[in-house]
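Observations on chain architecture
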Amino acid sequence: MELSRGVLVTGAAGQLGAALREEFAPANVIALTRADWDVTLPPPRDLPAVDVVLHAAAWTDVDGAEASPQEAAAVNVGGTLHVAELDSPLVVFSTDYVFDGRKGEPYVESDAPNPLSVYGRTKLQAEGAAGENAWIVRTSWLFGWTSANFVRTMLRLGAERDEVAVVDDQRGSPTYVGHLASAVGELLDRPRGVWHLAADGDCTWAEFAEAIFDESGLSCRVRPIKTDELGRPAPRPSNSVLRSERPDAPRLPHWREGLRTCLERLGA
Ligand SMILES: NC(=O)c1ccc[n+]([C@@H]2O[C@H](COP(=O)([O-])OP(=O)(O)OC[C@H]3O[C@@H](n4cnc5c(N)ncnc54)[C@H](OP(=O)(O)O)[C@@H]3O)[C@@H](O)[C@H]2O)c1
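A brief report on the enclosed structure follows. (Residues numbered from 1 in each chain as written. Predicted model: local features only at pLDDT ≥ 70, side-chain atom pairs only at ≥ 80, totals over all residues. Heavy atoms only, no water.)

**So, the overall build of the chain**
The helix and strand tally for the chain stands at 9 helices and 12 strands. Here the chain has a C-alpha radius of gyration of 18 Å; the compact-globule value for 268 residues is 18 Å, and the two agree. Seen through its C-alpha atoms, the chain measures out along the principal axes to roughly 55 × 40 × 35 Å. Taking contacts inside the chain between residues at least 6 apart in sequence as the whole, the part at least 24 apart equals 82%. Carbon and sulfur atoms provide 46% of the accessible area of the chain, an area that totals close to 11900 Å². Between the averaged position of the 26 positive side-chain charges in the chain and that of its 39 negative side-chain charges there is a distance of 2 Å. (Helix = DSSP H or I, 4+ residues; strand = E, 2+ residues; numbered from the N terminus. Rg over C-alpha atoms; globule rule 2.2 N^0.38 Å. Contact = heavy atoms within 4.5 Å. Areas by Shrake-Rupley, 256 points an atom, 1.4 Å probe, with all protein chains shown as cover. Lys, Arg positive; Asp, Glu negative; His and termini not counted. Charge placed at Lys NZ, Arg CZ, Asp CG, Glu CD.)

**A closer look at the packing of helix H1 (residues 15-23) against helix H6 (residues 177-187)**
At a minimum axis distance of 9 Å, the contact between H1 and H6 shows a crossing angle of 50°. Between H1 and H6, the angle falls in the class oblique. H1 and H6 meet at a crossing whose hand is right-handed. Side by side, H1 and H6 meet where Gln-15, Leu-16, Ala-19, Leu-20 and Glu-23 of the first sit next to Val-177, Gly-178, Leu-180, Ala-181 and Ser-182 of the second. Tallied by class, the residues present in the contact of H1 with H6 amount to 6 nonpolar, 3 polar and 1 charged. (Axes fitted to C-alpha atoms, helices over the stretch in contact; angles between N-to-C directions. Parallel < 35°, antiparallel > 145°, perpendicular 65-115°, else oblique. Left-handed = near helix turned anticlockwise from the far one by under 90°. Nonpolar A, V, L, I, M, F, W, Y, C, P; charged D, E, K, R; others polar.)

**Observations concerning the pattern of salt bridges**
Two side chains carrying opposite charge are able to pair once their charged atoms lie near each other. Applying the stated criterion across every chain yields a total of 15 salt bridges. In this structure, the salt-bridge partner of Asp-111 is Lys-103, at a minimum N-O distance of 2.6 Å. A salt bridge links Arg-171 to Glu-207; its shortest N-O distance comes to 3.4 Å. Here Glu-207 lies in helix H7 (residues 205-216) and Arg-171 lies in strand S8 (residues 171-172), a separation of 36 residues in the sequence. Residue classification places Arg-171 among the partly exposed residues on the basis of a relative accessible area of 29%. Taking the relative accessible area as the measure of exposure, Glu-207 reaches 32% and is therefore partly exposed. Bridged by salt links that share partners, the residues Asp-214, Glu-215, Arg-256 and Arg-260 form one connected network. (Salt bridge = Lys/Arg side-chain N within 4 Å of Asp/Glu carboxyl O. Buried < 20%, exposed > 50% of the residue type's maximum accessible area, 1.4 Å probe, protein only.)

**Focus: H1**
Every buried residue belonging to H1 is among Gln-15, Leu-16, Gly-17, Ala-18, Ala-19 and Leu-20, and all of these are buried. On its buried face, H1 is in contact with strand S1 (7-10), strand S3 (52-55), strand S4 (90-95), strand S6 (142-143) and H6.

**Points about the site of the ligand**
Near the ligand, the surroundings consist of 25 residues, among which Leu-16, Arg-34, Thr-60, Tyr-119 and Lys-123 are the closest. With respect to the ligand, the side chain of Arg-34 contributes an N or O atom lying 2.7 Å from an oxygen atom. Side-chain polar atom of Tyr-119 to an oxygen atom of the ligand: 2.7 Å apart, as the coordinates give it. Sorting elements by how many residues they give to the shell around the ligand places S4 first, with 3 residues. (Near = heavy atom within 4 Å. Polar contact = N/O pair within 3.5 Å; in protein donor to acceptor, adjacent residues only side chain to side chain.)

Have a look at this one:
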């Protein structure tokens, strides 16, 4: 896609927002944080016309959404409706948590969603709110060099403790935001609709934690536990590995390659 007029990024202070800003930097990037545009409100009047809107703003507190479903919906569903009002080509980001995890193999685009949590339901509704003019990118287990994410949490805990307990009964594809942002660039030359864009390979959170400690030289041990032992408010799918069934889907590198790139960037 020709990006002569520029790109608008919502949620620009988030981890994916940071990667999208970098990836699209050769174009004119209008990067809006929540302070610039709270997407629960209609779009600011003075926004210039752009070639594409990359909507990365979202309520991402999965457990918090269980106690505040209306607030989560206002951001995820209401926010997407407001972004769609701009009437520009639009990329919205959705999640592996639209699936219930009961399928014994990776989820493809034609599988029926059945979210288990409030967060998953608001994201599925947001897919519907995005309209016909949108690419709907379902991705999973994002990590990057900014914001709160699993890699940064494990680096901190791994330096403080000898052992961490991590769940070993949820399987997914940890996806590096830099690899996702680059795949979004490729996607703009493909048809609109639903696309699964996640890292190649899969693992459990406990296996991911082990890889983080291995790659960063931390001697912390991982004690595998069950999801039930954590007692988190939001249910999560036990399998949410995403794959694309579309032959022309952009392919992302393996999660371990994403992890190495991220750790290098963090100096870890
Ligand atoms: N993180 C994951 O594992 C994951 C997995 C699958 C899909 N996704 C999807 O990927 C997208 C990007 O997620 P991310 O990991 O980059 O999340 P993130 O780091 O939490 O960033 C989300 C950003 O949205 C902003 N935001 C929240 N409410 C807003 C509002 N009312 N108006 C404007 N901005 C608002 C947040 O601002 P504040 O910092 O001020 O709150 C934050 O900067 C989201 O659509 C998410 O659902 C994420």
